[in-house]
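So you can see what is in the structure, the chains are spelled out below.
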Amino acid sequence: MANIKARGIIIKQSNYGDGHRLLSIFAEDCGIIKAVSYGALKSKTSISASSQFLCYGDFNLYQGTKHLLSVNGCEPIDAFYPISEDIKKLSLAAYMSDITYGILGERNADNDILRLYLNSVYALAYRGEPPDKVKTVYELKLMALGGYAPKTDACVACGNADIAAFDFEKGGAVCTECTSAGAAKINDAVRAAISRIVSADVKKMLSFNANKELLDYLNKISEKYVSVQLDSRFKSLEYYNSMPMS
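Residues numbered from 1 in each chain as written. Predicted model: local features only at pLDDT ≥ 70, side-chain atom pairs only at ≥ 80, totals over all residues. Heavy atoms only, no water.

Caption draft 1: Layout of the environment of G147. Position of G147 relative to the elements: it lies in the loop between α5 (131–145) and β6 (163–167). Measuring from C-alpha to C-alpha, the distance between G147 and I103 comes to 9.1 Å, with 44 residues separating the pair along the chain. (Helix = DSSP H or I, 4+ residues; strand = E, 2+ residues; numbered from the N terminus.)

Next up, the structure:
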């Protein structure tokens, strides 16, 4: 039995028993951990406020004899409230949480991915970045940090520099000879955009301009790449795509 202090952000929440809330907290040096906030649904105090989706703060956790941790308290740092006021942004944040969980699972520490998640949430809440831009960049950066970086400098199958398409199963650009069914045609602008996003520092990853046509195409590529590489379909993505742009 031990007391644990962890700085993190709540990336998932659900009701748990009578009046409690089960939280998935993405924490520094811990990864994604689960903890129960007892009484969170019955209280209108700070316990309830600090058990909300996207609450970022310093959590006081207790490890008892059971597998699950319990939340003894939290000193909030930010709640990113502008996201909760915009259904499009909120649904995107939920999707980002789902694919992050898909990459990391539980209790696999990765502070680089945590930094990526926090920077992306901050951009959604306070920087006025278009949700589709944040989505595309997050998808590609997450895949790169998670070990699935798409290769765009040459054909992933044969090394040919004459690129014709993006192959989702092979993991990057392919030439005409190596193109297979289901690959998406790409040009130099698309290649350059993917390469820039994947290699950019997290602080500068959104510092680029792209017209709507290019951004829409990048969106289709990045979301399909995530789905194919993780072999998953995400309901949160379907919900996000069903929402009109705010």
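Now, onward.
Caption draft 2: Seen up close, α5. Taking 1.5 Å of rise per residue, the 15 residues of α5 would be expected to cover 21 Å, and the 21 Å separating its terminal C-alpha atoms lies within 8% of that figure. Taking burial as the measure, the 15 residues of α5 include 14 buried ones, the bulk of the element. Of the residues trailing α5, G147 is marked for its positive phi of about 95°. (Expected span 1.5 Å × (residues − 1). Buried < 20%, exposed > 50% of the residue type's maximum accessible area, 1.4 Å probe, protein only.)

Caption draft 3: Up close: the sheet that holds strand β1 (residues 2–16). The sheet built from five strands closes into a barrel, its strands ordered β1-β2-β3-β5-β4 with mixed pairing. On average, adjacent strands in this sheet sit at an angle of 50° to one another, irrespective of strand direction. Note that strand β2 (residues 20–27) and strand β3 (residues 31–37) share seven bridges and pair antiparallel. Bridged to L22 within β3 is V36. (Pairing = 2+ DSSP bridges. Axes fitted to C-alpha atoms, helices over the stretch in contact; angles between N-to-C directions.)

Caption draft 4: Spatial organisation of the packing of helix α6 (residues 188–199) against helix α7 (residues 212–230). The interhelical angle for the contact between α6 and α7, taken along N-to-C directions, is 65°, at an axis separation of 11 Å. Seen from above, α6 lies across α7 with right-handed handedness. Taking contact as the criterion, the partners of A189, V190, A193 and I194 in α6 are, on α7, L214, Y217, L218 and I221. Classifying every residue of the contact of α6 with α7 by side-chain character gives eight nonpolar, no polar and no charged. (Left-handed = near helix turned anticlockwise from the far one by under 90°. Contact = heavy atoms within 4.5 Å. Nonpolar A, V, L, I, M, F, W, Y, C, P; charged D, E, K, R; others polar.)

Caption draft 5: How the structure looks around the environment of S84. Among the secondary structure elements, S84 is positioned in helix α2 (residues 81–84). Between the alpha carbons of S84 and A125 there is a distance of 8.9 Å; along the sequence they are 41 residues apart. Looking at S84, its side chain comes within polar contact range of the main-chain oxygen of Y81, at 2.7 Å. (Polar contact = N/O pair within 3.5 Å; in protein donor to acceptor, adjacent residues only side chain to side chain.)

Caption draft 6: Molecular detail of the packing of aromatic side chains. Considering all chains together, one arrives at six aromatic pairs under this definition. Each ring, one from F166 and one from Y225, has its centre 5.5 Å from the other, and the planes form 80°; the classification is edge-to-face. Taken together, the positions of F166 in strand β6 and Y225 in helix α7 put the pair 59 residues apart, joining distant regions of the chain. Per residue, the accessibility class of F166 equals that of Y225, and both read buried. Members of the aromatic cluster, joined through ring pairs, are F80, Y122 and Y126. (Phe/Tyr/Trp six-rings, centres within 6.5 Å; stacked < 30°, edge-to-face > 60°.)

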